[in-house]
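Examining the three-dimensional arrangement
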There are 6 protein chains.
Amino acid sequence: MKKVAIYPGSFDPITNGHVDIIERGVEIFDELIVAVAHNPQKANLFSEKERVDMIRQIFKGRKNIEVDSFSCLLVDYVARRQAKVIMKGLRFVSDFEYEFQMALTNRRMNSQIETLFMMASEPYSYLSSGLVKEIASLEGSVSGMVPKLVEKRLREKLQKKGKGKKDAVS
Amino acid sequence: MKKVAIYPGSFDPITNGHVDIIERGVEIFDELIVAVAHNPQKANLFSEKERVDMIRQIFKGRKNIEVDSFSCLLVDYVARRQAKVIMKGLRFVSDFEYEFQMALTNRRMNSQIETLFMMASEPYSYLSSGLVKEIASLEGSVSGMVPKLVEKRLREKLQKKGKGKKDAVS
Amino acid sequence: MKKVAIYPGSFDPITNGHVDIIERGVEIFDELIVAVAHNPQKANLFSEKERVDMIRQIFKGRKNIEVDSFSCLLVDYVARRQAKVIMKGLRFVSDFEYEFQMALTNRRMNSQIETLFMMASEPYSYLSSGLVKEIASLEGSVSGMVPKLVEKRLREKLQKKGKGKKDAVS
Amino acid sequence: MKKVAIYPGSFDPITNGHVDIIERGVEIFDELIVAVAHNPQKANLFSEKERVDMIRQIFKGRKNIEVDSFSCLLVDYVARRQAKVIMKGLRFVSDFEYEFQMALTNRRMNSQIETLFMMASEPYSYLSSGLVKEIASLEGSVSGMVPKLVEKRLREKLQKKGKGKKDAVS
Amino acid sequence: MKKVAIYPGSFDPITNGHVDIIERGVEIFDELIVAVAHNPQKANLFSEKERVDMIRQIFKGRKNIEVDSFSCLLVDYVARRQAKVIMKGLRFVSDFEYEFQMALTNRRMNSQIETLFMMASEPYSYLSSGLVKEIASLEGSVSGMVPKLVEKRLREKLQKKGKGKKDAVS
Amino acid sequence: MKKVAIYPGSFDPITNGHVDIIERGVEIFDELIVAVAHNPQKANLFSEKERVDMIRQIFKGRKNIEVDSFSCLLVDYVARRQAKVIMKGLRFVSDFEYEFQMALTNRRMNSQIETLFMMASEPYSYLSSGLVKEIASLEGSVSGMVPKLVEKRLREKLQKKGKGKKDAVS
């Protein structure tokens with residue numbers, strides 16, 4: 001039977017840390033579904049469609065990587081896709097505790113579904129979408145932190161929003 | 001002298017984790033006062049009155065459990081109630097650090113008052129009011145995570161608010 | 001291609017927490033190899049042979065669970081067994097940091113090998129082989145913490161060692 | 001060559017914990033620049049000008065302490081001021097992880113700049129600007145937590161804002 | 001009914017951090033039993049008798065503080081003493097995880113017994129018996145870290161052991 | 001006045017992580033003294049003399065790096081060398097807590113001496129002398145983890161000790 005894993009997240013935007021986890025995950029499973037969470041209550045910089053489109057372009061032509069979005073409970077989405085595994089990356093102790101909570105809750109809601117974790121590779125262990133947006137909004141370079149395409153989209157997006165909202169990174 | 005402990009919190013809404021701490025605390029002290037914090041700046045789902053009412057119904061008929069609310073500094077409330085002990089539950093390392101900070105600050109403000117901690121029981125160590133609301137808002141079942149009454153109130157409350165504001169749990 | 005995962009450890013002795021990870025892991029991979037580390041420098045209670053034998057008996061008749069031992073670098077063993085995945089359980093933040101270090105080191109030594117983590121189930125999140133031995137040496141019951149067979153072997157082993165070496169658990 | 005260190009922060013408002021780090025830092029470096037972050041997106045209680053003014057008054061007459069503000073990337077500000085060292089205080093594990101992330105990111109953006117950390121002194125290890133504002137807003141005393149001047153300004157500021165927005169500290 | 005709490009530990013030797021927890025605990029409970037763990041497998045500096053004697057002298061004349069020792073499972077000792085509460089101090093995150101494990105294990109073995117935690121006061125949050133012994137063995141002053149009596153006994157004990165075994169504290 | 005910092009440690013043996021901290025530290029201070037702790041109670045692989053010699057060879061010709069050893073309390077050594085600053089690297093949360101404890105203790109013993117911390121660079125954040133020895137003892141390659149000279153010395157040392165004591169790394 002084909003082994004399918006779901007890699008869920010906000011991906012606002014996708015970083016090289018996410019890309020690293022995807023590339024490593026697809027080596028282990030037969031198919032990896034990158035699942036963008038539809039979360040209208042969060043103030044995302046990129047719309048759900050923009051987030052999905054960017055990831056699709058980055059992995060264009062990759063047969064065993066699918067990009068999708070979902071707007072229900074993650075475990076319900078995973079069951080609907082007939083997958084049994086959720087993949088997550090771990091960077092920090094604080095990640096760890098939140099993910100621990102989510103993994104236990106998800107198992108409680110559906111004991112057929114397992115969450116597997118990978119440690120972030122060193123060069124990406126400090127990366128987060130939030131940090132990338134903060135740096136870009138202050139006109140810092142995020143080169144090497146996100147794929148080229150995302151770098152370009154971030155610049156376009158932030159130019160549109162104007163420069164009135166900058167925050168010093170300290 | 002009667003030994004009174006105060007168990008403060010937002011309880012928005014009360015979970016089975018809170019109930020577990022209350023049931024264990026009342027075994028140790030002669031009286032336990034569940035004290036709902038009046039915090040208008042937080043965007044609570046339930047009003048202060050609703051939160052107090054739910055807890056009162058859950059512990060109806062229990063002589064040594066009182067439910068109250070407060071809108072001042074916790075240490076001032078504790079002193080006014082002539083109690084000497086604040087009870088708190090600990091789940092995570094992040095809990096621990098925040099609670100450490102609050103316990104030290106409260107002792108500094110009133111050295112007569114002591115904060116005692118209990119470790120959350122395993123089945124509740126991952127539970128939080130926020131997680132419960134997140135799951136309920138996505139129409140997931142929170143059965144076993146909150147008392148039956150809270151489950152019902154959550155459903156009513158979320159139906160009123162409509163379904164436009166759902167967030168995917170990832 | 002058959003997906004094989006290695007679950008390494010000291011297993012001195014195997015606990016129900018280990019059993020839980022093995023049972024969950026075998027649902028994800030086609031074959032799971034439980035690999036007992038030969039570590040003569042550690043003062044183990046059970047010999048390598050005894051540890052292997054206990055695990056073999058517990059999983060007797062399970063076609064996709066193999067029990068083996070190794071005395072070299074873990075990555076070399078994994079490569080020799082033509083596996084690509086190391087499975088580990090995570091219980092605590094301290095686990096997390098040590099496992100983070102080991103996972104990064106192992107990837108550095110062999111980038112073809114990936115380490116995947118599962119969170120321990122709640123009832124086992126506090127369990128460790130060390131704790132089990134400590135309780136047993138004080139004649140406490142470890143029922144529910146280890147398989148029946150291990151309970152029996154622990155009792156036999158500790159009776160032989162006599163009672164001169166007890167430590168109070170505090 | 002004169003050794004200059006930058007001590008950046010929001011300082012909304014400055015606490016005795018910040019003052020302690022500044023006094024200790026100036027013993028090590030020839031000059032310390034306290035750099036107030038201009039962050040219009042954060043809902044600060046005090047304006048940038050107010051925050052800078054309070055710190056200037058507190059360190060008035062101190063030749064090797066300069067107070068400044070910045071509204072760009074911190075590393076760009078540090079380079080512009082021809083400094084090589086960023087100084088930060090550490091209080092908690094959560095501080096540690098965030099600061100770790102920022103220090104690695106800043107080194108990545110400018111490898112000439114080093115971040116050095118000092119552990120907060122015990123009496124201040126639980127202090128934060130947020131906690132101070134929370135206590136003051138509930139009419140608790142923050143004496144000993146902030147300089148006298150800040151205590152006075154907090155009182156004035158909070159009287160202006162009225163009392164309608166109180167939150168119970170629990 | 002008289003409320004009795006047990007405060008267990010190695011106390012090798014008792015520090016001012018332990019004394020602080022005892023003094024605070026006795027304000028909450030009617031009686032506090034300081035219970036010295038008999039642990040012959042640990043290489044203690046002071047014998048069980050010496051550890052008990054020092055604590056007895058320090059709390060001489062205090063009616064509601066008893067000093068005792070135990071050599072069985074802690075929960076068995078607590079039950080035998082007809083107490084329901086174990087008291088522990090918390091200093092660090094690492095403390096927290098170990099104590100979490102022990103509290104859950106003890107509740108599992110005897111659900112009638114509850115463990116309550118107090119946060120160490122700031123001046124003692126860094127103290128441990130091990131650190132005290134390390135400093136004393138290098139002829140550093142431990143004044144303010146342990147009671148005067150313990151300071152004296154440490155000096156006597158270390159003089160007897162000679163100076164051949166010093167370790168640099170780094 | 002010349003600014004001197006002390007970088008203390010066991011260095012058994014020095015790793016590339018240590019080298020990184022030394023190279024970065026010497027950019028900030030006028031002189032850096034690498035201070036090898038004389039700790040006969042620890043079972044070091046290399047003698048104090050061997051550890052000092054390796055570090056001396058690695059930094060031969062570097063005018064502002066001195067290599068020394070000490071066998072007293074660190075603060076006494078720092079005072080004797082007329083330095084005011086202790087430098088340490090931080091890698092993990094567990095490092096953080098231990099170092100927090102040591103920094104507070106050292107300030108208590110000598111308030112003139114300050115401890116400054118640097119975050120380990122990513123490629124070295126997982127490295128420790130213990131890990132290096134463990135890998136080398138299993139005949140794994142530690143290339144890139146330690147300087148070439150240390151790699152050679154490790155090989156010689158472990159060949160002498162024979163192969164009877166190997167431990168599997170898991």
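In this text, all values refer to a predicted model and were calculated from it rather than measured experimentally.

1. Thoughts on the overall build of chain A
Of the regular secondary structure elements, chain A holds 6 helices and 5 strands. When the elements of chain A are put in sequence order from the N terminus, they spell out β-α-β-α-β-α-β-α-β-α-α. Computed over the C-alpha atoms, the radius of gyration of chain A is 16 Å, within 12% of the 15 Å expected from 2.2 N^0.38 for a compact globule of 170 residues. If one aligns the C-alpha atoms of chain A with their principal axes, the spans along those axes are about 50 × 35 × 30 Å. Within chain A, buried positions represent 61% of all 170 residues. By sequence separation, contacts in chain A at least 24 residues apart represent 75% of the contacts at least 6 residues apart. Surface accessibility of chain A: about 6,900 Å² in total, with carbon and sulfur atoms responsible for 47%. When the 28 positive and 22 negative side-chain charges of chain A are each reduced to one mean point, those points stand 4 Å apart.

2. Digging into the interface of chain A and chain D
With 21 residues of chain A at the contact, the number on the chain D side is 21 residues. Taking both sides of the interface into account, the surface hidden between chain A and chain D amounts to around 1,900 Å²; carbon and sulfur atoms contribute 57%. Applying the counting rule to chain A against chain D returns 0 salt bridges. Our count for the contact surface shared by chain A and chain D stands at 3 residue pairs in polar contact (both at pLDDT 80 or more). Secondary-structure elements contributing two or more residues to the side of chain A that touches chain D are α4 (93–109) and α5 (129–137) of chain A. When its residues are assigned to classes, the side of chain A that touches chain D shows 11 nonpolar, 7 polar and 3 charged.

3. A short note on the pairing of strand β2 (residues 31–37) of chain E
All names here are of chain E. Burial of β2 is extensive: 7 of the 7 residues sit out of reach of the surface. Taking every second residue as pointing to the same face, both faces of β2 are buried, with E31, I33, A35 and A37 on one and L32, V34 and V36 on the other. Of the pairings in the sheet, the one linking strand β1 (residues 4–9) to β2 comprises 6 bridges and is parallel in character. Bridge pairing links Y7 to V34 in β2. In this view, the connection linking β1 to its parallel neighbour β2 by way of helix α1 (residues 16–28) has right-handed handedness.

4. As for the relation of the copies chain C and chain A
When chain C is brought onto chain A, the operation consists of a screw motion whose angular component is 180° and whose axial shift is 0.0 Å, with 0.0 Å RMSD remaining. Between the two chains, the operation in question is that of a two-fold axis. Rotation axis and chain C: the residue whose C-alpha lies nearest the axis is F117 of chain C, separated from it by 2.4 Å.

5. Looking at the environment of R56 of chain F
All names here are of chain F. Along the chain, R56 falls in helix α2 (residues 48–58). Residue R56 is classed as partly exposed on the basis of its relative accessible area, which comes to 43%. For the pair R56 and K152, spaced 96 residues apart in sequence, the C-alpha to C-alpha distance is 15 Å. Beyond its immediate sequence surroundings of up to four residues, R56 is in contact with V67 and D68.

6. A few points about unusual backbone geometry
P13 of chain D follows D12 of chain D through a cis peptide bond whose omega is 0°. By the element assignment, P13 of chain D lies in the loop between β1 (4–9) and α1 (16–28). Backbone geometry at F11 of chain C places phi at a positive 50°, although glycine is not the residue there. Along the chain, the position of F11 of chain C falls in the loop between β1 (4–9) and α1 (16–28). With a relative accessible area of 3%, F11 of chain C lands in the buried category.

7. So, the arrangement of the chains
For the non-touching pair chain C and chain D, the nearest C-alpha separation works out to 12 Å. Over all C-alpha pairs, chain A and chain E never come within contact, reaching a minimum spacing of 11 Å.

8. As for the confidence of the model for chain A
Of the residues in chain A, 94% have a pLDDT of 70 or more, and the chain-wide mean is 91. What the predictor reports for the complex is a pTM of 0.91 with an ipTM of 0.90.

9. Thoughts on the relation of the copies chain A and chain D
Rotating chain A by 120° and translating it 0.0 Å along the rotation axis places it on chain D, where the RMSD comes to 0.0 Å. Put plainly, the chains are arranged around a three-fold axis.

The rules behind the values
- Residues numbered from 1 in each chain as written.
- Chains lettered and ligands numbered in written order.
- Predicted model: local features only at pLDDT ≥ 70, side-chain atom pairs only at ≥ 80, totals over all residues.
- Heavy atoms only, no water.
- Helix = DSSP H or I, 4+ residues; strand = E, 2+ residues; numbered from the N terminus.
- Rg over C-alpha atoms; globule rule 2.2 N^0.38 Å.
- Buried < 20%, exposed > 50% of the residue type's maximum accessible area, 1.4 Å probe, protein only.
- Contact = heavy atoms within 4.5 Å.
- Areas by Shrake-Rupley, 256 points an atom, 1.4 Å probe, with all protein chains shown as cover.
- Lys, Arg positive; Asp, Glu negative; His and termini not counted.
- Charge placed at Lys NZ, Arg CZ, Asp CG, Glu CD.
- Buried area = accessible area lost by both parts, 1.4 Å probe.
- Salt bridge = Lys/Arg side-chain N within 4 Å of Asp/Glu carboxyl O.
- Polar contact = N/O pair within 3.5 Å; in protein donor to acceptor, adjacent residues only side chain to side chain.
- Nonpolar A, V, L, I, M, F, W, Y, C, P; charged D, E, K, R; others polar.
- Pairing = 2+ DSSP bridges.
- Right-handed = clockwise from strand over helix to strand, strands pointing away.
- Least-squares fit on C-alpha atoms with pLDDT ≥ 70 in both.
- pLDDT = per-residue confidence, 0-100.

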